[in-house]
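Each chain, written out:
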Amino acid sequence: MILPIYLYGKAELRKPTEPVSEGELNLSELTDNMFETLTVAEGCGLAAPQIGLSKRIFVVDGSELGDDYPECKDFKQVFINPEIIEESDEKATYSEGCLSLPGISENVVRPKTITIRYQDTDFNWHEDTYTDFKARIVQHEYDHLEGHVFTDRISPIRKQFVKSKLAAIAKGKTVSRYKYKK
Ligand code: NI
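Throughout this description, residue numbers start from 1 for each chain and increase along the sequence as written. Where totals are concerned, whole chains, interfaces and linings use all residues; where local detail is concerned, this predicted model gives features only for residues with pLDDT of at least 70, and gives and counts side-chain atom pairs only at 80 or more. Think of the side-chain values as coming from all heavy atoms in the structure, minus any hydrogens and water.

Asker: Which parts of the structure should I look at to understand the pairing of strand E3 (residues 57-61)?
Answerer: Two faces belong to every sheet, and in a regular strand the side chains alternate between them. To sort residues, take the accessible area from a 1.4 Å probe on protein chains only and compare it with the maximum for the residue type: under 20% means buried, over 50% means exposed, and anything in between is partly exposed. The way it works is that DSSP assigns letters per residue, a run of H or I at least four long becomes a helix, a run of E at least two long becomes a strand, and they are numbered from the N terminus. Burial of E3 is extensive: five of the five residues sit out of reach of the surface. Two strands are said to pair when DSSP picks up at least two bridges between them. Inspection of the sheet shows strand E2 (residues 45-47) paired to E3 by three bridges, in the antiparallel sense. Following the sheet pairing, Gly 45 is matched in E3 by Val 60. Bridge count between E3 and strand E4 (residues 76-87): five bridges; the pairing is antiparallel. Each bridged residue has a counterpart across the sheet, and for Phe 58 the counterpart in E4 is Phe 79.

In structure tokens form, the structure reads like this:
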């Protein structure tokens, strides 16, 4: 089932999320729906607050990115109760966009490499290190679980530049190609 994506301005995107406990959610249905929604919206990551669910879960699917970032092509994964436990001092700059902020893309500086602990849908723990664009996707989605969006991290001058665009999204003046919730 395709879920409506919550857009900038919705309170759900600003709330820190709660841990997922075993048996509490129908994870197979939820993650199927999240992947389906992501595919239709042609995005590479979707976090639970973006569908109005205040839980610590996000999914990534890099298959759309194969041309620009071949290393992401097979990067399809569910992250439950993730915690970033290490960040490199070395930074990288990438242009980011977000399904909740249609029409906006800005350069964001973040750690180049991160190590994250998380559970899979069977609640087994994993610890993985990602670098470059994989690390970028993971950090962007992780931010959503903390109630942040990528424009929180851009320079003051760029913030000024996107202010009216963000206000327009928050007022519901958005035309996106996917199903969304104003
Ligand atoms: Ni996003």
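Asker: Hey, could you run me through the coordination of the nickel ion in this one?
Answerer: Put simply, the ideal angle at a metal is 109.5 degrees for four donors in tetrahedral geometry and 90 or 180 degrees for six donors in octahedral geometry. Taken together, the protein ligands of the nickel ion are Cys 98 (SG), His 140 (NE2) and His 144 (NE2), with distances of 2.1 to 2.3 Å. Metal coordination here is assigned from N, O and S atoms located within 2.8 Å of the ion, or within 3.2 Å for Na, K and Ca; omission of water means that sites may look incomplete. Counting residues between consecutive donors of the nickel ion along the chain gives the motif C-x41-H-x3-H. Taken together, the residues Cys 98 in the loop between strand E5 (91-96) and strand E6 (106-111) and His 140 in helix H2 (residues 132-145) connect sequence positions 42 residues apart. The buried category is assigned to Cys 98, whose relative accessible area is 9%. Overall, the relative accessible area of 8% leaves His 140 in the buried class.

Just geometry here; none of it tells us what the structure is for.
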